[in-house]
Amino acid sequence: MGENKEDTIAKGLILKLLSDEDIRAIDNATREILSTHGIVWADSEGLDYFEKGGCTVDRATMTVLIPSSVIDSSLKTAPKKFCIYGRGDDRTVTQEQGGRVNFTTYGPCIRVAKYVGYGRYRHMDSTDSDLGEIARLCDWADGVSHFTVPIAANDWINKGSRDVHEIVTSLSNTTKHIQYAEPIEKNMSCYWNLVKAYYRGDEKLARERPILSFVACSVTPLLYGSNASQVIIKCAKLGIPVNILSMAMAGASAPIYLAGVLILQNVEVLAGIVLSQLVSPGARVWYGSSSTAFDLRHGTPSVGTPELGMLSLASNQLGRFYKLPTITAGMLSDSKVLDSQSAHERTLSSSLSSMSGATTVFGLGTLELGLSFSLEQLVIDNEIVNMERSVLRGIEVNTQTMFVDIIKNLGVNDRFLSHSSTVENVDLTSKTKLFDRSTLGDWQRRGSKPIEEMAHEVVVEVLKTHCVEPIAKDIMDEMKKIIHKADAKAIKEREDLYGE
């Protein structure tokens, strides 16, 4: 397994924002809404599964009423623990409620913030080439557990099947597991063919060790479109893990009160989880939250707000209550560049999310309300992750670490600096690869470089020297055939639609 047992969150650390009584109140309100008001499900096949599973379905309004008994049976079959797979065992990551806290990127951004030196940036539309560089950097970054495709390959718009190119570019440039946030239902068979191609047609292995997972997002308030419904259904049938995600916005698509946001989010996420379990009991799912507050002054869905961190923290409590692995937002910022605002916002939200026991925290590398991505920010975020993991491991208290006898035996003028225990455990204290802990004089002698300049140097070095093991030629040839068919299909559909 590509993980360290020592990274499991310290049991005494877990943050709580809601009381047990609060959690039960949210759960009860969720069940009341689902059983008496319901949720709109704009997909006939999804409605069929709900109806067969014991739910009340109104075909005219496409509304589903889900009784508590169905919720309970679905929560019972949804796994508390499962693995997501990269190219090798060292890239396998366990997703477990109460287990290790993992970190990933966020997608999809539409721009990249290119660092041009002296604290200046150039914001540009993201491309397939940018995606390849980000994937390689994430392959190097030890803080990135798996790769969530973080940007759109805008140069493939109107030229082919952009989504398929994004997945193959990611597969080609990282050996880590890949999560795709914008799956297109009609291309699910194409994605599945890519997974099978990687395993040279071995469908059993592809089902057991899928190298891809997907996100299915509700439309707040209280709606699932046909695309998200079909993604859930097809992932359940194929054994592909799916992140059931709500993006409720306080004051816009959800109530201004955060308790109301949590209830609305909970209704949507649990409804998606119920469908997955009705399709295939034991289907691998996450409880996902990207909920935040809408900034009514600027008309923007702010991700740097403290409300995002609070909602992520509370969502992790709900996931723990339901015994489900969680993916929650953190490491996000509304800032457009790498500055003090970005540093504060992303550290606050990621700390709240990670220290409340998230299975995975997403957002690394992201700027500008989730619209821009920065390679330099990713390098800095990697450093933040490793510092947070030092906190997550907690303080080990035992006879050896308490040092009682040695403390008593040392004199008042003795120092621990030269003690054998210090010399033998010189690597025990936290270390940084990027953040500067030296004196002012030493820093000046090294050129007085600001943090973003140092991060840029790391980016340049990694992209020059880090090699990702290439996919075998016969597998890559098969994937190229899949891309070619997908492109031809996309071009024909556009011609039929627009007459081009």
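In this report, the structure presented in the accompanying data block is examined. What you are looking at is a predicted structure, and each value in this text was computed from that prediction instead of being measured.

**Focus: the overall build of the protein chain**
Phase 1: Scanning the protein chain from terminus to terminus reveals 18 helices and 21 strands.
Phase 2: Here the protein chain has a C-alpha radius of gyration of 24 Å; the compact-globule value for 500 residues is 23 Å, and the two agree.
Phase 3: Projected onto its principal axes, the C-alpha positions of the protein chain cover 85 × 55 × 50 Å.
Phase 4: For the protein chain, long-range pairs separated by at least 24 residues make up 74% of all intrachain contacts whose partners lie at least 6 apart in sequence.
Phase 5: Accessible area of the protein chain: about 22200 Å², with a carbon and sulfur share of 55%.
Phase 6: When the 53 basic and 62 acidic side-chain charges of the protein chain are each reduced to a single mean position, those positions are 3 Å apart.

**Examining the pattern of salt bridges**
Phase 1: Scanning the entire structure with this criterion turns up 24 salt bridges.
Phase 2: We note a salt bridge from Glu 182 to Arg 162, for which the minimum N-O separation is 3.2 Å. Taken together, the residues span a long stretch of sequence, with Glu 182 in the loop between strand E10 (178-180) and helix H6 (188-198) and Arg 162 in helix H5 (residues 162-173) at a distance of 20 residues.
Phase 3: You can call Arg 162 partly exposed: its relative accessible area is 22%.
Phase 4: As a salt-bridge pair, Glu 457 and Lys 449 come within 2.8 Å of each other at their nearest N and O atoms.
Phase 5: A residue is classified by how much of its surface remains accessible, and Lys 449, at 31% relative accessible area, is partly exposed.
Phase 6: In the salt-bridge network here, residues are joined through shared partners; they are Asp 27, Arg 31 and Asp 72.

**Some words on the sheet that holds strand E16 (residues 292-295)**
Phase 1: Strands sit in the order E14-E16-E17 across an open sheet of 3 strands; the sheet is mixed. A strand with exactly one partner marks an edge of an open sheet, and here the two such strands are strand E14 (249-250) and strand E17 (300-302).
Phase 2: Where E14 meets E16, 2 bridges bridge the pair, whose relative direction is parallel. Considered in E16, the bridge of Met 249 is made with Thr 292.

**Describing the sheet that holds strand E2 (residues 56-58)**
Paired through backbone hydrogen bonds, the strands of a sheet run either parallel or antiparallel to each other.
Phase 1: Taken in spatial order, the 4 strands make up an open sheet running E2-E3-E1-E12, and their pairing is mixed. With one partner strand each, in any of the chains shown, E2 and strand E12 (223-224) form the two edges of the open sheet.
Phase 2: Sheet analysis places E2 next to strand E3 (residues 63-65), joined by 3 bridges and oriented antiparallel. Opposite Asp 58, over in E3, you have Thr 63 as the bridge partner.
Phase 3: Contacting strand E1 (39-41) and E3, helix H1 (residues 20-37) runs over the sheet at an angle of about 125° to E3.

**Here we look at the pairing of strand E11 (residues 212-217)**
Walk down a regular strand and you will see the side chains alternate between the two sheet faces.
Phase 1: Taking burial as the measure, the 6 residues of E11 include 5 buried ones, the bulk of the element.
Phase 2: In terms of strand pairing, E10 meets E11 through 3 bridges, oriented parallel. Each bridged residue has a counterpart across the sheet, and for Ile 178 the counterpart in E11 is Leu 212.
Phase 3: Bridging between E11 and strand E13 (residues 242-246) involves 4 bridges; their strand directions are parallel. Looking across to E13, one finds that Val 215 is bridged to Asn 243.

**Brief notes about the nonpolar core**
Phase 1: Counting residues in hydrophobic clusters, the biggest one holds 131 residues, and the most contacted among them are Ile 66 and Phe 214.
Phase 2: Tallying contributions element by element places helix H9 (residues 258-279) first for this core, with 12 residues.
Phase 3: If near-sequence neighbours (up to four positions away) are discounted, Phe 214 is found in contact with Ile 167, Gln 179, Tyr 180, Pro 183, Met 188, Tyr 191, Val 231, Cys 235, Ile 240, Pro 241, Val 242 and Asn 243.

**A look at helix H10 (residues 306-322)**
Phase 1: End to end, H10 covers 25 Å across 17 residues, agreeing with the expected 24 Å (1.5 Å per residue, within 8%).
Phase 2: The element H10 is largely enclosed, with a buried count of 12 among its 17 residues.
Phase 3: Residues of H10 that are buried include every one of Leu 308, Gly 309, Leu 311, Ser 312, Leu 313, Ala 314, Ser 315, Asn 316, Gln 317, Leu 318, Gly 319 and Tyr 322, and no others.
Phase 4: Looking at the residues trailing H10, positive phi occurs at Lys 323, about 60°.

Rules of the game
- Residues numbered from 1 in each chain as written.
- Predicted model: local features only at pLDDT ≥ 70, side-chain atom pairs only at ≥ 80, totals over all residues.
- Heavy atoms only, no water.
- Helix = DSSP H or I, 4+ residues; strand = E, 2+ residues; numbered from the N terminus.
- Rg over C-alpha atoms; globule rule 2.2 N^0.38 Å.
- Contact = heavy atoms within 4.5 Å.
- Areas by Shrake-Rupley, 256 points an atom, 1.4 Å probe, with all protein chains shown as cover.
- Lys, Arg positive; Asp, Glu negative; His and termini not counted.
- Charge placed at Lys NZ, Arg CZ, Asp CG, Glu CD.
- Salt bridge = Lys/Arg side-chain N within 4 Å of Asp/Glu carboxyl O.
- Buried < 20%, exposed > 50% of the residue type's maximum accessible area, 1.4 Å probe, protein only.
- Pairing = 2+ DSSP bridges.
- Axes fitted to C-alpha atoms, helices over the stretch in contact; angles between N-to-C directions.
- Core = buried A, V, L, I, M, F, W, Y, C linked by side-chain atoms within 4.5 Å.
- Expected span 1.5 Å × (residues − 1).

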